[in-house]
Each structure stands twice: as C-alpha cells, then as structure tokens.
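Okay, here's what each chain looks like letter by letter:
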Amino acid sequence: MFTGIITDIGTIHAVEQRGDLRVRIGCGYDMTTVDLGASIACSGVCLTVVDKGEAWFVVDVSAETRSRTPTEMWALGQRLNLERALKVGDELGGHIVTGHVDGLGEVVAVEPEGASTRIAIIAGREVAPYIAPKGSVAIDGASLTVNEAEDAAEGGVRFGINLIPHTAQKTTLGSLAPGRQVNIEIDILARYLGRMMELRR
C-alpha cells in the first residue's frame, strides 16, 4: 500500500528479457534499509525487489504488467516515480494507492496557469465512472486532485489536474507533453463503491 507521495525519481539502467522483463533501476534510496521481497511503486506499478545493491534495485515485470502500462515505460533510460511501501505509523499525505493500474490515459494538453501547470488527460470507459471533480486520482503513481471532468468520446472521460511547481520538480510529471501515455489508478473507495453498485443491479 502507498500514499501517492513520490519520494524519489529512478532511472532504468538495464533491461533484460527473461521469462519476464528484468529491470534494474538506479535510485537515491539507502538500499540497506530495503529488504529483498519489499514492494516499491514504480510510476504507479507495485513491483517486488528481487535484487539490490548500492543505489539500485532490480524488479521483474510480468507480461500482464507490461500489457497494462505504456510500452515506453520500460525502456532503457526511462525515468520513473518511486515510492516505498507505506509502514504502520507513516503519515498518509496523499490518498490510499494500491499500485494497481486501472487504465491508461493520454495527455492532450499542457498549459501554464500562474506558477502551476494545468494538464488535460483523456481516459477510457474503464476508469470514466470513477473520475470526479475534487476526487483523488493517481497519475504515474502521484496522488493528485481532479479539477474538472467531462464526458469524452466512446464513453471515456476528459479530466484536468493541476501541477504545482513542487510536484513538477519532484516527479516525472513536469516533463509530460501531449501524446504521452500515463498510468491511472482510481481512488480505492470509488472502486469499491462502484463494485457495490454493480452487485445491486
């Protein structure tokens, strides 16, 4: 479990195709405090540490995970938002994030708004019912607030988020541009409420 508060930006240093895709990620964490088998969210995807060293760790990315995330996400040199798993007693500064991608979105507009940046994203029907103004959403693992949301083509949704300068600097989101795909995780409470409504039909 995570909070959506990004604590480091990692860089993919090596990629090896085995049964799964083995990825070595450079980071700023003190890896002596990270156990093998620990979970680290990588741009919103919960992955297990299978090897580690000074300032790096290795994860295995399954075919299922790759099918649900942007293809370019696992390329050599790619930067990833990182967050270590939440511990009992840690501050819940964002919202509850599980590290399971619910769908992909496409950035369609990036515009300055004062000192901040307004970003518009279009997502598909699988997440559309769960995106609501002033609700929470995780974009590439970062906890953000939905500013506005409206219906889009084919049952999808177009929604806007606002990046303050701190978020832009401390995450990979500051480099977003139109055409870029992002991982979306809906709010876990919305997910369960949606399931309850389905069972009542």
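Parameters at a glance
- Residues numbered from 1 in each chain as written.
- Predicted model: local features only at pLDDT ≥ 70, side-chain atom pairs only at ≥ 80, totals over all residues.
- Heavy atoms only, no water.
- Core = buried A, V, L, I, M, F, W, Y, C linked by side-chain atoms within 4.5 Å.
- Buried < 20%, exposed > 50% of the residue type's maximum accessible area, 1.4 Å probe, protein only.
- Helix = DSSP H or I, 4+ residues; strand = E, 2+ residues; numbered from the N terminus.
- Pairing = 2+ DSSP bridges.
- Axes fitted to C-alpha atoms, helices over the stretch in contact; angles between N-to-C directions.
- 1 Å grid on protein atoms, 1.4 Å probe; cavity = no way out; pocket = protein on both sides within 12 Å on 5 of 7 lines; lining within 4 Å.
- Points joined across faces, edges and corners; volume = space filled by probe spheres on them.
- Nonpolar A, V, L, I, M, F, W, Y, C, P; charged D, E, K, R; others polar.

### Details of the nonpolar core
Reasoning step 1: Formed by 22 residues in total, the largest nonpolar core has its most connected members in Ile-121, Val-137, Ile-139, Phe-159, Ile-161 and Ile-184.
Reasoning step 2: At the level of secondary structure, the elements contributing two or more residues to this core comprise strand S8 (116-123), strand S9 (136-139), strand S10 (142-151), strand S11 (157-163) and strand S12 (181-186).
Reasoning step 3: Considering every element that reaches this core, the biggest residue donor is S11, with 4 residues.

### Structural notes on the sheet that holds strand S3 (residues 39-42)
Reasoning step 1: With antiparallel pairing, 6 strands are arranged side by side around a closed barrel as S1-S2-S5-S4-S3-S6. The sheet shows a mean angle of 45 degrees between the axes of neighbouring strands, taken without regard to direction.
Reasoning step 2: Summarising the sheet, S3 and strand S4 (residues 45-53) pair through 4 bridges and their orientation is antiparallel. Opposite Ser-39, over in S4, you have Thr-48 as the bridge partner.

### Considering the sheet that holds S9
Reasoning step 1: Reading around the barrel, the 6 strands line up as S7-S8-S11-S10-S9-S12 and close back on themselves, with antiparallel pairing between neighbours. Taken pair by pair, the neighbouring strands of this sheet meet at an average axis angle of 45 degrees, ignoring direction.
Reasoning step 2: Inspection of the sheet shows S8 paired to S11 by 7 bridges, in the antiparallel sense. In the strand pairing of S11, Ile-119 is matched with Ile-161.

### Structural notes on empty space enclosed by the protein
Reasoning step 1: With the rule as written, the count across this model stands at 1 cavity of 30 Å³ or more.
Reasoning step 2: If you add up the space inside the largest cavity, you get close to 60 Å³.
Reasoning step 3: Lining the largest cavity are Ser-43, Pro-70, Glu-72, Met-73, Gln-78, Arg-79, Leu-80, Asp-140, Arg-180 and Gln-181.
Reasoning step 4: Of the residues that constitute the lining of the largest cavity, the class distribution is 3 nonpolar, 3 polar and 4 charged.

### Some details on the pairing of strand S6 (residues 79-84)
Reasoning step 1: As judged from the 4 bridges shared by strand S1 (residues 8-17) and S6, these two strands associate in the antiparallel manner. Within S6, the residue paired with Gly-10 across the bridge is Leu-80.
Reasoning step 2: Relative to S6, S3 runs antiparallel, the two being bridged by 3 bridges. Bridge assignment links Ala-41 to a residue of S6, and that residue is Glu-83.

### Considering the layout of surface pockets
Reasoning step 1: Empty space within the largest pocket amounts to approximately 280 Å³.
Reasoning step 2: Every residue lining the largest pocket is counted, 13 residues in all, and those nearest its centre are Ile-5, Ser-143, Leu-144, Ile-164 and Thr-167.
Reasoning step 3: Among the secondary structure elements, those contributing two or more residues to the lining of the largest pocket are S10 and helix H2 (165-170).
Reasoning step 4: The element best represented in the lining of the largest pocket is S10, accounting for 4 residues.
Reasoning step 5: Residue composition of the lining of the largest pocket, by class: 5 nonpolar, 7 polar and 1 charged.
Reasoning step 6: Here the second largest pocket defines a volume of roughly 190 Å³.
Reasoning step 7: Together, 12 residues line the second largest pocket, and Thr-7, Glu-83, Arg-84, Ala-85 and Asp-90 are the ones closest to its centre.
Reasoning step 8: Considering only residue class, the lining of the second largest pocket consists of 4 nonpolar, 3 polar and 5 charged.

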